[in-house]
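Spelled out, the chains give:
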Amino acid sequence: MNRNRWGAGALAPAFLFAATSGALAHGFAGDRFFPATILTDDPFVADEMSLPTFTRSPNAADGSQEYHLDVDLAKRLTPDFGIVIGRGWTYHQSPGMPAVTGFDALHTAAQYQLFIDGPHEMLGLLGLNVTWAHTGRVQALAAPDFTTLSPTFDFGKGFGDLPRSLPYLRPFAITGNLGFDFPTKTESAGTPNPDNFNYGFAFEYSLPYLQCCVKDIGLRPPFNQLIPLVEVAFSTPMNRTFAGATTTGTVQPGIIWSGPYFQIAAEAILPVTHATGHGLGGLIQFHIYLDDLFPRSFGRPVSEWLQ
Amino acid sequence: MNRIILTLVASMMAIPAAMPSARGHAFLDHATPAVGSAVPQSPPVVTLWFTQDLEPAFSNVTVTNDAGERVDLGNAQIPAGSPAELRIGLKALPPGTYTVIWHVVSVDTHPTQGTFTFDVGGG
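Given the structure is predicted, the values throughout are model-derived calculations rather than measurements.

1. A closer look at the overall build of chain A
Next up, step 1: Each helix and strand in chain A was counted, giving 4 helices and 17 strands.
Next up, step 2: Relative to the compact-globule value of 19 Å for 307 residues, chain A shows a C-alpha radius of gyration of 21 Å, a close match.
Next up, step 3: Its C-alpha atoms put chain A at 70 × 45 × 35 Å along the principal axes.
Next up, step 4: Buried positions account for 40% of the 307 residues belonging to chain A.
Next up, step 5: Nonlocal contacts in chain A, meaning residues at least 24 apart in sequence, comprise 60% of its contacts between residues at least 6 apart.

2. Re the pairing of strand β6 (residues 96-105) of chain B
Residues and elements named next belong to chain B.
Next up, step 1: Here 5 bridges tie strand β4 (residues 60-64) to β6, and the two strands are oriented antiparallel to one another. Across the sheet, the residue bridging to Val61 is Trp102, located in β6.
Next up, step 2: Counted along the chain from β6 to the antiparallel partner strand β7 (residues 111-120), the turn is 5 residues long, and its residue Thr109 has a positive phi close to 80°.

3. Focus on the sheet that holds strand β3 (residues 45-50) of chain B
Residue and element names in this part refer to chain B.
Next up, step 1: With antiparallel pairing, the 3 strands of this open sheet are ordered in space as β1-β3-β5. Strand pairing shows two members of the sheet lacking a second neighbour, β1 (28-32) and β5 (85-89), which therefore form its edges. For this sheet, the mean angle separating the axes of adjacent strands, direction not counted, is 15°.
Next up, step 2: Direction of pairing for β3 relative to β5: antiparallel, over a ladder of 5 bridges. Within β5, the position partnered with Thr47 by the bridge is Arg87.

4. As for helix α3 (residues 207-214) of chain A
Next up, step 1: Judged by how many residues are buried, α3 of chain A sits mostly within the fold: 7 of 8 residues are covered.
Next up, step 2: On its buried side, α3 of chain A packs onto β2 (32-34) and β15 (248-258) of chain A together with β1 and β7 of chain B.

5. Some details on the sheet that holds β6 of chain B
Next up, step 1: Read from one edge of the open sheet, 4 strands run β2-β7-β6-β4 (chain B), paired in mixed fashion. Whereas interior strands pair on both sides, the edge strands pair on one side only; in this sheet they are β2 (38-39) and β4 of chain B.

6. Some thoughts on the environment of His278 of chain A
Residue and element names in this part refer to chain A.
Next up, step 1: Assignment of secondary structure puts His278 in the loop between β16 (262-271) and β17 (281-289).
Next up, step 2: A residue is classified by how many C-beta atoms lie within 10 Å of it, and His278, with 14 of them, is partly exposed.
Next up, step 3: Taking C-alpha positions, His278 is 25 Å from Leu178, a pair spaced 100 residues apart along the chain.
Next up, step 4: Excluding its chain neighbours within four sequence positions, the residues that come into contact with His278 are Pro58, Asn59 and Pro271.

7. Examining the nonpolar core
Next up, step 1: Core analysis: the biggest nonpolar cluster contains 32 residues, and Leu48, Phe50, Val61 and Leu86 of chain B have the highest contact counts within it.
Next up, step 2: Put simply, the parts of the chain that give this core at least two residues each are α3 of chain A together with β1, β3, β4, β5, β6 and β7 of chain B.
Next up, step 3: If we ignore the near neighbours within four places in the chain, the residues touching Val61 of chain B are Val46, Leu48, Ala76, Leu86, Ile88, Val100, Ile101 and Trp102 of chain B.
Next up, step 4: Counting residues in hydrophobic clusters, the runner-up holds 13 residues, among them Ala29, Phe44, Val45 and Ala46 of chain A.

8. So, the environment of Ile78 of chain B
Residue and element names in this part refer to chain B.
Next up, step 1: With respect to the secondary-structure elements, Ile78 resides in the loop between β4 and β5.
Next up, step 2: The exposure class assigned to Ile78 is buried, which follows from the 23 C-beta atoms found within 10 Å.
Next up, step 3: Remark: the alpha-carbon pair of Ile78 and Ile88, spanning 10 residues in sequence, is separated by 9.0 Å.

9. A short note on the pairing of β15 of chain A
Residues and elements named next belong to chain A.
Next up, step 1: Pairing analysis gives 10 bridges linking strand β14 (residues 226-237) to β15, with the strands arranged antiparallel. Within the sheet, the bridge partner assigned to Glu231 lies in β15 and is Gln252.
Next up, step 2: Alignment of β15 against β16, held across 7 bridges, turns out to be antiparallel. Within the sheet, the bridge partner assigned to Ser258 lies in β16 and is Gln263.
Next up, step 3: Following β15, the chain reverses through 3 residues before pairing antiparallel with β16.

10. Considering the confidence of the model for chain A
All names here are of chain A.
Next up, step 1: Taken over all residues, the pLDDT of chain A has a mean of 87, while the share at 70 or more is 91%.
Next up, step 2: Of all secondary-structure elements in chain A, the lowest mean pLDDT belongs to helix α1 (residues 8-22), at 40, while strand β9 (residues 148-158) reaches the highest, 97.
Next up, step 3: Under a pLDDT of 50 for its full length, residues 1-23 has, in the predicted model, 36 contacts with residues more than four places off or in other chains.

Each value, and the rule that gives it
- Residues numbered from 1 in each chain as written.
- Chains lettered and ligands numbered in written order.
- Predicted model: local features only at pLDDT ≥ 70, side-chain atom pairs only at ≥ 80, totals over all residues.
- Helix = DSSP H or I, 4+ residues; strand = E, 2+ residues; numbered from the N terminus.
- Rg over C-alpha atoms; globule rule 2.2 N^0.38 Å.
- Buried ≥ 20, exposed ≤ 12 C-beta atoms within 10 Å, placed from the backbone.
- Contact = placed C-beta atoms within 7 Å.
- Pairing = 2+ DSSP bridges.
- Axes fitted to C-alpha atoms, helices over the stretch in contact; angles between N-to-C directions.
- Core = buried A, V, L, I, M, F, W, Y, C linked by C-beta atoms within 7 Å.
- pLDDT = per-residue confidence, 0-100.

Pasting the structure below:
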């Protein structure tokens, strides 16, 4: 570098520290940027906020409709350890009944970044999600009267390391979650609370990756910032099953636009089992990158605030 | 309910305009030679344009041939007056495939990296 050498010495400690630790939020692994997905938990700790996610669920089997408004905040405490806290608000309309509104259960998570493998564009994260009892409208909106502990393993893999003879496959990436729900109460109002096995995946095709690292096909903003994706998620009861307790899941095709300090996502929601509901739902999310908005303060890990 | 939905969507669209100006990560916007392109003759320089301004002391680019040998002149620089541009001179390149490897830090301390190839003489 030939320009501004005069400042390099003075700035070196601060920039080296930032560039090697605190600034690595977002989902980066080598050349790959993983966006924050909606249905699939992200396999990276981050300083980000979904404000808000607005969801129109598919109609329930009894014809009732629900709208959800959710807010989530992810914050790194150290470069490799973060927490998540989230809360939702629901509008529920059953046929022939007055609408019911109220808060959903509070949910939190603790997350540890297991590994980031840059050359192979791989990420791994261990998490413990907790949904807290009696923090939502239990009677009116069926919010849980029990706490649920949900250990998860979240992973991501980009396919940029495929042979260069397969150029148009290299922008593909997959992220996924494998986890369990362990309710702390086996039964609520006479209905069993089963343990569940949860699994979900997001299949992404990154146009930013295509443009930067494979072939410039001439896309310009906003099209070179689009990431089409399909998310799927399922939950299967493992025990204490009862009539009506069956696998639920959705398929959610959509698109993410990722900008310099926020992203916007929109997805359709297609139920894949009768128990999940019927008809078409949809969601839209506005997601803020706090590390880009506040790179020298709130966007850094808490452990680095005083350094 | 529809009125609530419309208000929410309108509010979400308005949030970006109300946000403070931020810089964030520097992503590659475009390059010359273009990413994945073929050029008929050896280019004198490789030039990269990024989406954010760069921190000169911690931004670099190298170019290698198929054998992994450096073919650049080691003079990476950010031109005066163009803080989001990074360029490096090249030796005379025989026909072949060349790999550009860049690591940059934006002025807001965010590091990013990338790799791409281009062909000279049709590769």
